[in-house]
Amino acid sequence: MTLKDFLKDCCITVTLLIIATFFAFSFHIATKNSPNIGIIYMLAIVLIARLTSGYWFGVIASLVGVVCVNFLFTYPYLELNFILTGYPVTFLGMLSISLLTSTTTTHLKHQARIITEREKLLLEAEKEKMRANLLRAISHDLRTPLTSIIGSSSTYLENHEALSKAQQIDLVQHIYEDSNWLLNMVENLLSVTRIHNDSASVTTSLEPIEEVVSEAVFRLKKRLPNAHIKVSVPDEFLMIPMDAILIEQVIINLLENAIIHSHSIKPIECSVDYDDHFVSFHIIDHGIGIPENKLSSLFDGNSYMDTTGSDIHKGMGIGLSICKTIIIAHEGMIFASNHKDGASFTFKLPRGNETNDL
């Protein structure tokens, strides 16, 4: 214990004993009931044990409390007399209860501190796991498009005179697509910086569900203008606590993954429903589905829907891992499943303490 902490605990002990003595005097003058005054000191002892470090301040407060009851509130007043009839038993009883209360409170406080530290360690371990998964995903999802851009640009620069117009356009188109994909990943990584590193949480405000979904679809349409998305939201006006920019990024990631990996021309469905505690967002495609062996690890940052062919850089790793990070920071949940005609992604956000549907 540092000197500063020691002096702080001394001030707390002295202050609470003075306050207890003041209330004891007031109670004694009003009721002339000395036996119950010990309860006031016991309450002060509990508070001292709770607010100070270690056992000793509570033990000392116990001794001081017993002496004060004898010296100030037991006849003859302002005299210490431990040999009054029956008083030794009372003295030992009060001292035992006070010491037991002090040590029990201190022990519970110590246990609470251990539990808090353990939770912090678990949270830190989870953050480290997410960080490692993100790094693995980044190493895969950044390296491949960069290699493709370098290869296409090198081919164009070295052989542009021998290439036909169509081949030149095709190479530039590949560079354009890969550059857009890199931009999307950078936006994902920037989104994570909005999550507070010390608490793995986000700053939320009440946001309307309909506007968040429509903004996400609008931003996706700018990147994929030919995307066909059916949106369905409740008629009720819903507002829930969230970081709107981050949740929009989650919706964009899930919609884009559905469009790219479903290998289907059918519209992607984006719907919202709710119950008393959560608002649920569903992204449903009608395509090839997700391999069952990948469902459990899909959000870990090391799962990819397509690891061969020209679409290799469009793996789902980093996007889904960031989705999980964002939703957990909102104290929500996210999961994926298959249905008879494709795949479904669902994430849930808590509605907060108040319902906001009108």
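For the structure given in this document, a descriptive report is provided here. (Residues numbered from 1 in each chain as written. Predicted model: local features only at pLDDT ≥ 70, side-chain atom pairs only at ≥ 80, totals over all residues. Heavy atoms only, no water.)

### Quick word on the overall build of the protein chain
Put simply, the rule is: For the purposes of this entry, the term helix denotes a DSSP run of H or I that reaches at least four residues, the term strand denotes a run of E that reaches at least two, and both are numbered from the N terminus. When accessible area is computed with a 1.4 Å probe and restricted to protein chains, residues below 20% of their type maximum are described as buried, those above 50% as exposed, and intermediate ones as partly exposed. In what follows, a contact means two residues having at least one pair of non-hydrogen atoms within 4.5 Å. Note on areas: Shrake-Rupley with a 1.4 Å probe; residue coverage comes only from the protein chains shown.
Secondary structure assignment for the protein chain yields eight helices and seven strands. Put simply, the protein chain has 358 residues, and 41% of those count as buried. Once local pairs closer than 6 in sequence are excluded, the contacts in the protein chain between residues at least 24 apart make up 72%. When the accessible area of the protein chain is evaluated, it comes to approximately 20,000 Å², of which 63% is carbon and sulfur surface.

### Concerning the pairing of strand 4 (residues 268-274)
As a reminder of what qualifies: Note on pairing: two strands pair once DSSP finds at least 2 bridges between them.
Of the pairings in the sheet, the one linking strand 2 (residues 229-232) to strand 4 comprises four bridges and is parallel in character. Bridge pairing in strand 4 places Val231 opposite Cys270. Relative to strand 5 (residues 278-284), strand 4 runs antiparallel, the two sharing six bridges. Along strand 5, the bridge assignment pairs Val272 with Phe281. Hairpin connection between strand 4 and strand 5: a loop of three residues separates the two successive antiparallel strands.

### Things to note about helix 7 (residues 244-261)
Rules: What a helix is expected to span follows from its residue count: subtract one and scale by 1.5 Å. We define a polar contact as two N or O atoms separated by no more than 3.5 Å, with the added condition that, inside protein, one atom must be a possible hydrogen donor and the other a possible acceptor, whereas residues neighbouring each other in sequence contribute only through side-chain atom pairs.
Between its first and last C-alpha, helix 7 extends 26 Å over 18 residues, near the 26 Å set by a 1.5 Å rise per residue. Within helix 7, 16 of the 18 residues are buried, leaving the element largely enclosed by the surrounding structure. Capping the start of helix 7, Asp243 holds a side-chain oxygen 3.2 Å from the backbone nitrogen of Ile245, two or three residues further along. Positive backbone phi, at 55°, marks His263, one or two positions downstream of helix 7.

### A look at the sheet that holds strand 7 (residues 342-350)
For clarity, the cut-off: Geometry is summarised by axes, namely lines fitted to C-alpha atoms with helices restricted to the contacting stretch, and by angles between N-to-C directions that run from 0 to 180 degrees.
Strand order in the open sheet formed by five strands is 2-4-5-7-6, and the pairing between neighbours is mixed. For this open sheet the edge positions go to strand 2 and strand 6 (333-339), each flanked by a neighbour on one side alone. The mean angle between the axes of side-by-side strands here comes to 15°, regardless of whether they run parallel or antiparallel. Relative to strand 7, strand 5 runs antiparallel, the two sharing seven bridges.

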